[in-house]
Amino acid sequence: QVQLVESGGGLVQPGGSLRLACAASRSIFRINTMGWYRQAPGKQRELVATITSGGSTNYADSVKGRFTISRDNAKNTMYLQMNTLKPEDTAVYYCNIPRGILGDYWGQGTQVTVSS
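Conventions used here
Residues numbered from 1 in each chain as written. Predicted model: local features only at pLDDT ≥ 70, side-chain atom pairs only at ≥ 80, totals over all residues. Heavy atoms only, no water. Pairing = 2+ DSSP bridges. Helix = DSSP H or I, 4+ residues; strand = E, 2+ residues; numbered from the N terminus. Axes fitted to C-alpha atoms, helices over the stretch in contact; angles between N-to-C directions. Buried < 20%, exposed > 50% of the residue type's maximum accessible area, 1.4 Å probe, protein only. Disulfide = S-S within 2.5 Å.

**Some words on the sheet that holds strand β3 (residues 18–24)**
Line of reasoning, step 1. Read from one edge of the open sheet, 4 strands run β1-β3-β8-β7, paired in antiparallel fashion. Bordering the open sheet on either side are β1 (4–7) and β7 (67–72), each of which pairs with just one other strand. Within the sheet, the average angular offset between the axes of one strand and its neighbour, ignoring direction, is 15 degrees.

**Topic: the environment of glycine 100**
Line of reasoning, step 1. Assignment of secondary structure puts glycine 100 in the loop between β9 (91–97) and β10 (105–106).
Line of reasoning, step 2. Here glycine 100 falls in the exposed class, since its relative accessible area comes to 59%.
Line of reasoning, step 3. Separated by 56 residues in the primary sequence, glycine 100 and glutamine 44 have C-alpha atoms spaced 19 Å apart.

**Some details on the pairing of strand β5 (residues 46–52)**
Line of reasoning, step 1. The pairing of strand β4 (residues 33–39) with β5 spans 6 bridges and is classified as antiparallel. Bridge pairing links arginine 38 to glutamate 46 in β5.
Line of reasoning, step 2. Two successive antiparallel strands, β4 and β5, enclose a turn made up of 6 residues, where glycine 42 displays a positive phi of approximately 75 degrees.
Line of reasoning, step 3. One ladder, built from 3 bridges, connects β5 with strand β6 (residues 57–59); its direction is antiparallel. Residue threonine 50 lies in a different strand from β6, and its bridge partner there is asparagine 58.

**Observations concerning the state of the cysteines**
Line of reasoning, step 1. Per the stated rule, a full pass over the model turns up 1 disulfide.
Line of reasoning, step 2. Across a sulfur-sulfur distance of 2.2 Å, cysteine 22 and cysteine 95 are joined as a disulfide pair. In this structure the cystine formed by cysteine 22 and cysteine 95 twists about its S-S bond by roughly 60 degrees; its chirality is therefore right-handed. On the criterion of sequence distance, the pair formed by cysteine 22 in strand β3 and cysteine 95 in strand β9 is long-range, its members being 73 residues apart.
Line of reasoning, step 3. Among the residues examined, cysteine 22 registers a relative accessible area of 0% and is labelled buried.

Okay, structure coming up:
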């Protein structure tokens, strides 16, 4: 079992920045892929970014060039640096560890609101 706890969400003005963190309850060194998802009101949960243990990253087109995913295995923590935020980035952001048929691990989510 792995518990995931997100932090760093909040209210920010358009054009601003936030850094989300996802702390795992145990070592993530051997976890291949981790990712961030988000869900806006009335919409389906969508993939934002993923990162592998080797550092390969993948981003949704809507966040490319603005968001950066990273991980610190020594701290058992994954991050999402979000710059040039837009109102359409408003959502609950979740960290994820995919496990296929075993069932993914999810955090409880952290709210990000981009508004003036």
